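Observations on the model geometry
Spelled out from the first residue to the last, the chains are:
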Amino acid sequence: MTAGIFGDPVLTVLEKVMNGCTLRNTVIANNIANVNTPGFKRSSVSFESELAGIITDSDLASGSASDELQNFQPAVEIDLHTAARYDGNNVNIDQEMAELSKNTIKFTLASELMKKKLGMLRYVITEGRR
Amino acid sequence: MGLFSSFDISASGLTANRAWMDVIASNIANAETTRTPQGGVYKRKDVVFETHVSSDNPDLTRGQGVRIAAIVEDPSPPKLVYNPGHPDARDDGYVEMPNVSPVTEMVNMMVATRAYEANATAIDSAKAMVGRVIDLLR
């Protein structure tokens, strides 16, 4: 039933969030690097709503992550809906900076939560001794 | 109101002020331009700001971003300078010069710069606030 002490759905979800945020960081860095490239279209990563759709109550109750959750991967999509400048480039540097700030906060939040979760495991393993 | 809506609002402010700077720079650069592709002398351009709710956060009833609604031309008449030798002079010897006043543009440039800095500070403050919340986990 359980897939080991690290098969916990909460740890899996946090791991997927951190993976998604890391990929988004790379994509944003690529957008910023190409802010002056003619014809370049910005890309984005959106995984939060897909991830929320995959997590079910039975996942959290069973104590082990479903296969669908374990195999989840974030996806990169090219954004063709944002208005482009005359050179065909649609990167907005201010928006990229704001996205970068938001992404960093999400990643920090996920990593802190994971630290707490693993801290609980460590507490159990060391039987309360530090 | 989500956790990150103030980031989007401030980012829209940064974008709008940067676009305003572009317009101001265009006015300053073309302060002596007598020919344009549209024909005639360069006319000073101005921006119109408008509150704008982004499609990502449509329910921002308490906070809205900004966007440039339109870039309009200043309707005031061009300055007339008597210079019959100029290739674009009219029949009466006067040349139509752009209605750009460098003093006005410099003042607008200061306003746009400070507004941009204010929006950047707003993002810094929002980041610090959320960082404080995360510190509660530590």
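This text gives an overview of the structure that appears in the document. (Residues numbered from 1 in each chain as written. Chains lettered and ligands numbered in written order. Predicted model: local features only at pLDDT ≥ 70, side-chain atom pairs only at ≥ 80, totals over all residues. Heavy atoms only, no water.)

1. Remarks on the pattern of salt bridges
Test applied: Here a salt bridge means any side-chain nitrogen of Lys or Arg lying within 4 Å of a carboxyl oxygen belonging to Asp or Glu. Helix and strand definitions here come from DSSP, where helices need a minimum of 4 consecutive H or I residues and strands a minimum of 2 consecutive E residues; each element is numbered from the N-terminal end. Type-normalised accessible area, obtained with a 1.4 Å probe on protein chains alone, sets the label of each residue: buried when under 20%, exposed when over 50%, and partly exposed for intermediate values.
This model, assessed by the stated rule, comprises 18 salt bridges over all chains. Between A:Glu99 and A:Lys102 there is a salt bridge, and its shortest N-O distance comes to 3.4 Å. Taken together, the positions of A:Glu99 and A:Lys102, both in helix H5 (residues 93-125) and three residues apart, correspond to about one turn of that helix. You'll find A:Glu99 and A:Lys102 in the same group, each marked buried. The partner of B:Arg114 in a salt bridge is B:Glu117, and the shortest N-O contact between them spans 2.9 Å.

2. A few points about the interface of chain A and chain B
What counts, and what does not: Contact between two residues is taken to exist if any of their heavy atoms lie within 4.5 Å; hydrogens are not considered. Accessible-area loss on putting two parts together, using a 1.4 Å probe and summing over both, is the definition of buried area adopted here. Residues were grouped as follows: Ala, Val, Leu, Ile, Met, Phe, Trp, Tyr, Cys and Pro as nonpolar; Asp, Glu, Lys and Arg as charged; and all remaining residues, including Gly, as polar.
Across the contact, 15 residues belong to chain A and 14 residues belong to chain B. Summing both sides of the interface, chain A and chain B together bury roughly 1300 Å²; the carbon and sulfur share of this comes to 68%. On the chain A side of the contact with chain B, A:Asp94, A:Lys102 and A:Ile105 bury the most area, a combined 41% of that side's loss. Summed over the shared surface of chain A and chain B, the result is two salt bridges. B:Asp8 is the salt-bridge partner of A:Lys102, the closest N and O atoms lying 2.8 Å from each other. Taken together, the residues of the side of chain A that touches chain B break down into five nonpolar, four polar and six charged.

3. So, the side chain of A:Asp79
All names here are of chain A. Rule in force here: We call two N or O atoms a polar contact when they sit within 3.5 Å, provided that within protein one can donate a hydrogen and the other can accept it, with sequence-adjacent residues counted only if both atoms are side-chain atoms.
With respect to the secondary-structure elements, aspartate 79 resides in the loop between strand E2 (76-78) and H5. Exposure remark for aspartate 79: the relative accessible area of 12% places this residue in the buried category. A polar contact is formed between the side chain of aspartate 79 and the backbone nitrogen of histidine 81, at a distance of 2.9 Å. Non-local contacts of aspartate 79, meaning those with residues more than four positions away in its chain, are made with Lys41, Arg42, Ser43 and Asn90.

Nothing here speaks to function; it is geometry throughout.
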